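Survey of secondary and tertiary structure
Residues per chain are reported as follows:
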Amino acid sequence: MSDARPNDRDTEAGDSGAEDGESGDAPTDDVPAHRAVARSGRLDSEQRQGTPYTESQVIMPTVKIVAPFAFTYGLFITFHGSGSPGGGFQGGAIMAAVVFMIAFAFGIEATRDWLANTVVVALAVGGALAFAGIGLIPVARGGAFLQYDLLPIPVKYGLESVEVFGIAAIVSGVLMGLFFLLANGFASDGSGFGDADADDGIDDSDDIDDADGSASTGSDPTPVTDGGER
Amino acid sequence: MTGVEPVIAQVTAIEASLLVFVVLTAIVTALARDVLAAVIVFGAYSLGMAALYTFYRAPDVALTEAAISAGVTTVLLLLTLAKTTRIDHEAVFEEINIPAAGAAGFLFVGLALTLGDVPAVGSREAPVWSNPDVTQWYLTETYAQTGVENTVMAVLAAFRGFDTFGEAVVVFAAGIAALIVLHREVFA
């Protein structure tokens, strides 16, 4: 049975290769050469790029009910690291997981619009700066790095502030950033991967994906080679 | 928390069933033919491990395992799978690769031979009790020195705070590295 998978892959590549040959024959085709090559690979096939989002009547109400409690639990874990198990790392991960949950229920695009890149970057960068800053205040007062008893607040709150403003912010920001990065995938535009114009907008890349998807379905007579395999 | 006498824990029925569950899910993860099924079973494995950690009185580790392994990693793997083409298989399980199974069995036998020397859970012979002056110092002195009741958090944030700063920066650098690898300038 272990031979079945390479055979599947070969037939699939062969099919899309033939399709690419057809599109290459027509010079007026909108699909550029590098996109045609990218489509023959298993990763990043264009039919798969536009992940269909369907509003589920089960998932959406469930997430609406669960999300506030889960987010509060994440905040609790973050803020009560000194008195109960947990801390900034675990709480930050739980809060990021709440965002994943919302994104799965209400659509990743909508969540990305709601949670702008600025927020994610501010969390990650601000967390790193806050941790370093809290560590450096005792140094400025003539002590060692992170010497909490030289902070103007009690030692316990020094630890808590590192957990809350430092670790929790970094972890939640980076995890959400990785989620949004992976959700966008390898945008096969221009240099194979990486958006050429990724810096000027978030909706832009989606428009590109949609446009390419519709263009390929319009121009190719057999656009469902991958869909047939599934 | 101070000066606890070690308790030799008996393996309860819940622990035993959790152990069996974890082993079974690990085997299914390794053998499942469909990657989606493997990812889902792997999430169940992580959840079982998290429950097991709470039974062994490591709630901090359990929280991390549940949040990161069962939650975040599963979501990120599912997201990656959604971006790729899924192939339908007739077979549920992979055919067992004889050399790989032999190597795994060899490793298993080698590790099983050391089981006789592993101390029981909570035993005085456990390495964590080999230097009670150090371990008990943290348990007795943490509250006096930091005012924090959770010793694990005090050790992480205060006693080895510089290491934790390095770890936090590593997490931050991982986000930056993902941006660089994907040729992006925004998390989108």
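Residues numbered from 1 in each chain as written. Chains lettered and ligands numbered in written order. Predicted model: local features only at pLDDT ≥ 70, side-chain atom pairs only at ≥ 80, totals over all residues.

1. Focus: the overall build of chain B
Within chain B one finds seven helices and zero strands. Starting at the N terminus and ending at the C terminus, chain B contains elements arranged as α-α-α-α-α-α-α. Taken along the three principal axes of its C-alpha coordinates, chain B extends 60 × 50 × 30 Å. By residue count, 23% of the 188 residues in chain B fall in the buried class. Considering only contacts within chain B whose residues lie at least 6 apart along the sequence, 52% involve residues at least 24 apart. (Helix = DSSP H or I, 4+ residues; strand = E, 2+ residues; numbered from the N terminus. Buried ≥ 20, exposed ≤ 12 C-beta atoms within 10 Å, placed from the backbone. Contact = placed C-beta atoms within 7 Å.)

2. A few points about the interface of chain A and chain B
Counting residues at the interface gives 66 residues for chain A, matched by 48 residues for chain B. For the side of chain A that touches chain B, the secondary-structure elements that each account for two or more residues are α1 (4–25), α5 (88–106), α7 (117–140), α8 (155–184) and α10 (225–229) of chain A. Examining the composition of the side of chain A that touches chain B, we find that 19 residues originate from one element, α8(A), more than from any other. Considering only residue class, the side of chain A that touches chain B consists of 36 nonpolar, 17 polar and 13 charged. (Nonpolar A, V, L, I, M, F, W, Y, C, P; charged D, E, K, R; others polar.)

3. Digging into the nonpolar core
It is characteristic of soluble globular proteins that their nonpolar side chains tend to be buried jointly. Within the largest apolar cluster, 69 residues are counted, with the highest numbers of intra-cluster contacts made by A:A93, A:A96, A:A97, A:I170, A:L175 and A:F179. Elements supplying a minimum of two residues to this core: α5, α7 and α8 of chain A together with α2 (35–55), α3 (59–82), α6 (151–159) and α7 (161–181) of chain B. For this core, the leading source of residues is α8(A), giving 17 residues. Ignoring anything within four residues of it in the chain, the contact list for A:A93 reads A:V171, A:L175, B:A67, B:I68 and B:V72. (Core = buried A, V, L, I, M, F, W, Y, C linked by C-beta atoms within 7 Å.)

4. Focus on unusual backbone geometry
All names here are of chain B. Positive phi, normally seen in glycine, also occurs at R57, with a value near 60°. A positive phi angle is found at H183, which is not glycine, with a value near 55°. Within the secondary structure, H183 sits in the segment after α7. On the neighbour-count criterion, H183 (16 C-beta atoms within 10 Å) is partly exposed.

5. Details of the domain arrangement of chain B
In terms of domain boundaries, chain B breaks down into domain 1 (1–95) and domain 2 (131–188). For domain 1 of chain B and domain 2 of chain B, the distance between their C-alpha centres works out to 24 Å. (Domains from an automatic or database assignment.)

6. Comments concerning the packing of α8(A) against α3(B)
The packing of two helices is summarised by the inter-axis angle and the distance between the axes. At a minimum axis separation of 9 Å, α8(A) and α3(B) run at an interaxial angle of 15°. Relative to α3(B), the element α8(A) is oriented roughly parallel. In terms of crossing hand, the pair formed by α8(A) and α3(B) is left-handed. Contacts between α8(A) and α3(B) involve A:L175, A:L178, A:F179, A:L182 and A:A183 on the former and, on the latter, B:V72, B:V75, B:L76, B:L79 and B:T80. In terms of residue class, the contact of α8(A) with α3(B) is built from nine nonpolar, one polar and no charged. (Axes fitted to C-alpha atoms, helices over the stretch in contact; angles between N-to-C directions. Parallel < 35°, antiparallel > 145°, perpendicular 65-115°, else oblique. Left-handed = near helix turned anticlockwise from the far one by under 90°.)

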